[in-house]
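Listed here are the chains, written in short residue letters.
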Amino acid sequence: MLTAMERDQFNEKKSNRLRDFILDDQDLLVELIGSADLEVIKDLTRALQLSPCFDDMDKRSLLARIVKSYPAVQSLISGEQSRHDATLLVSWESLERRKNEYTELVQKKIPANSKEIAIARSYGDLRENTSIKPPKKCRNS
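Right, let's walk through the structure included here. Only a predicted model underlies this, so the values are computations on that prediction, with no experimental measurement involved. (Residues numbered from 1 in each chain as written. Predicted model: local features only at pLDDT ≥ 70, side-chain atom pairs only at ≥ 80, totals over all residues. Heavy atoms only, no water.)

The subject of this paragraph is the environment of Leu 63. With respect to the helices and strands, the residue Leu 63 is situated in helix α5 (residues 56-69). A relative accessible area of 8% means that Leu 63 is categorised as buried. Taking the C-alpha atoms as reference points, Leu 63 and Thr 45, separated by 18 residues in sequence, lie 7.0 Å from one another. Filtering out sequence-adjacent residues up to four positions away, Leu 63 remains in contact with Thr 45, Leu 48, Gln 49 and Ile 77. (Helix = DSSP H or I, 4+ residues; strand = E, 2+ residues; numbered from the N terminus. Buried < 20%, exposed > 50% of the residue type's maximum accessible area, 1.4 Å probe, protein only. Contact = heavy atoms within 4.5 Å.)

Okay, here's the thing in structure tokens:
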């Protein structure tokens, strides 16, 4: 329906009756999406936000109607992520492996790297491969 309105928006001969019906009837939009699942409603919410068919105030009004009936889409409009979306699930094995990697990094690799940097600093040159000498040029007689 939204695609049809977008297509007809630039056709001067067609009227915007469908657009006007949706704006004027406070319950029409919610009734139209009443049997849709939440993912379809989220897709509609995203499409409505990007649609050129409605001005900003009309979009806000339509989005408010959707949020009133389906509060789960609020985060799409406000840009906030819920705490539930940020939940991370890991196995015990994976957690232990990551802890061991972290411990090895902090206790072994970083101190060893610091020592190597100190040695390079004592040579006065911190560029990579500084200890490798370039080959001597041969003189042709």
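That covers the picture; the talk isn't over yet.
Let's shift gears to the pattern of salt bridges. This structure, assessed with the given rule, holds five salt bridges. The salt bridge involving Arg 19 is made with Asp 20; its shortest N-O contact spans 3.2 Å. We classify Arg 19 as buried; its relative accessible area is 19%. One network of salt bridges, with partners in common, ties together Arg 19, Asp 20 and Asp 58. (Salt bridge = Lys/Arg side-chain N within 4 Å of Asp/Glu carboxyl O.)

Right, let's talk about the packing of helix α4 (residues 38-50) against α5 for a bit. Where α4 contacts α5, the axes come no closer than 10 Å and their chain directions differ by 170 degrees. Between α4 and α5, the interaxial angle falls into the category roughly antiparallel. On the side of α4, the interface is formed by Ile 41, Leu 44, Thr 45, Leu 48, Gln 49 and Leu 50, while α5 contributes Lys 59, Leu 62, Leu 63 and Ile 66. (Axes fitted to C-alpha atoms, helices over the stretch in contact; angles between N-to-C directions. Parallel < 35°, antiparallel > 145°, perpendicular 65-115°, else oblique.)

The nonpolar side chains of a soluble globular protein tend to be buried with one another. If you look at the biggest cluster of nonpolar residues, it comprises 16 residues, and the most contacted ones within it are Leu 48, Phe 54, Leu 62 and Ile 66. Looking at this core, the elements that each hand over two or more residues are α1 (2-8), α2 (17-24), α4 and α5. It is α5 that provides the largest number of residues to this core, a total of four residues. (Core = buried A, V, L, I, M, F, W, Y, C linked by side-chain atoms within 4.5 Å.)

Following both chains from N to C, one finds α2 and α5 inclined at 55 degrees, their axes separated by 10 Å at the closest point. Relative to α5, the element α2 is oriented oblique. At the point where α2 passes α5, the crossing takes the left-handed sense. Contacts between α2 and α5 pair Arg 19, Ile 22 and Leu 23 from the former with Asp 58, Leu 62 and Arg 65 from the latter. (Left-handed = near helix turned anticlockwise from the far one by under 90°.)

What follows concerns a negative patch on the surface. On the surface, a cluster of negative charge is made up of Asp 24, Asp 25, Asp 27 and Glu 31. Assignment of secondary structure puts Glu 31 in helix α3 (residues 28-32). For Glu 31, a relative accessible area of 58% gives the class exposed. (Patch = residues over 30% accessible without salt bridge, like charges linked within 9 Å, V, L, I, M, F, W, Y side chains within 5 Å. Areas by Shrake-Rupley, 256 points an atom, 1.4 Å probe, with all protein chains shown as cover. Lys, Arg positive; Asp, Glu negative; His and termini not counted. Charge placed at Lys NZ, Arg CZ, Asp CG, Glu CD.)

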